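Chain residues, written in single-letter form:
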Amino acid sequence: MAELVLRLRERELSRFPILHTRVTLGRDQESDVVIDNVSVSRTHAVLIYVDNHFRVRDNSANGLTVNGNAVKDAVLNYGDVIGIGKFEVVLQKTADEQPPVAPKPAKPSKTAEVGIETLRPPRPTKPDPIPAVNAEQLAAEAAAAIAAPPKGLIDWSTILKIAGIGLFLIVAVLAGAIWALENKVIDISI
């Protein structure tokens, strides 16, 4: 059997025996290894036992290191140090050499989780069939859309015409006032 040792600044905080083939590490209280710190994501990493070795998979936005190197997915050896925020998680071998058992039943969770299936390449899927298109119906719909503009939209040409007429009236009034002042039709002297 193996265990994970949680450390902070070389000080051991706790030990977690690895009993199952899938172990979650994160801030979420549903995690197998709970690390309650803001630098740790809810489900920060997943440790998986597959093909007689351990793998760690980063499932966070904050990043993960193994022996000081940033990784997204890595095979682990005993003694390797996983860096999660300011914490270290060390994979250690114990005297009992029993391998982990099948994963425990999945708990319903609101967080996204990474499992063994993510280590395999995705299977190709068949594309959805393209629906048949009736060309005559499509042409009729396009003609109707062009003939009747959609309701509720601003008709900018009308707004520009009204603005132009308003501007013309303002200029005409000012021109008339200037002409009247120059020709002494009106007197503004006090």
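Residues numbered from 1 in each chain as written. Predicted model: local features only at pLDDT ≥ 70, side-chain atom pairs only at ≥ 80, totals over all residues. Heavy atoms only, no water.

Chemist: Lay out the nonpolar core with the relevant residues and their values.
Modeler: Counting residues in each nonpolar core, the largest one holds 25 residues, and the members touching the most others are Leu4, Leu47, Val56 and Ile84. Going through the elements one at a time, β1 (2-8), β3 (22-26), β5 (45-50), β6 (53-58), β9 (73-76), β10 (81-84) and β11 (87-93) are the ones with two or more residues in this core. No other element matches the four residues that β1 contributes to this core. Ignoring anything within four residues of it in the chain, the contact list for Leu4 reads Ser14, Arg15, Phe16, Ile18, Val23, Leu25, Val33, Leu47, Val89, Val90 and Leu91. (Core = buried A, V, L, I, M, F, W, Y, C linked by side-chain atoms within 4.5 Å. Buried < 20%, exposed > 50% of the residue type's maximum accessible area, 1.4 Å probe, protein only. Helix = DSSP H or I, 4+ residues; strand = E, 2+ residues; numbered from the N terminus. Contact = heavy atoms within 4.5 Å.)

Chemist: Any details on the pattern of salt bridges? Residues and values, ideally.
Modeler: Inspection of every chain in the model, using the stated rule, returns six salt bridges. Of the charged contacts in the structure, one is a salt bridge between Asp73 and Arg55, with a shortest N-O distance of 2.7 Å. Separated by 18 residues along the polypeptide, Asp73 in strand β9 and Arg55 in strand β6 bring together distant segments of the chain. The class for Asp73 is partly exposed, based on a relative accessible area of 28%. (Salt bridge = Lys/Arg side-chain N within 4 Å of Asp/Glu carboxyl O.)

Chemist: Can you explain the confidence of the model for the chain? Please cite residues and give values.
Modeler: Averaged over the chain, the pLDDT score is 79; the fraction of residues at 70 or greater is 72%. Note that pLDDT drops below 50 for residues 109-118; the model gives that stretch 16 contacts with residues more than four away or on any other chain. (pLDDT = per-residue confidence, 0-100.)

Chemist: An account of the sheet that holds strand β4 (residues 33-34) is needed here, citing residue identities and associated values.
Modeler: Sheet strands line up and pair through hydrogen bonds in the backbone, either parallel or antiparallel. Strand order across the open sheet formed by five strands is β4-β3-β5-β6-β9, with mixed pairing between neighbours. With one partner strand each, in any of the chains shown, β4 and β9 form the two edges of the open sheet. The pairing of β3 with β5 spans four bridges and is antiparallel. Looking at the pairing, Val23 lines up with Leu47 of β5. (Pairing = 2+ DSSP bridges.)

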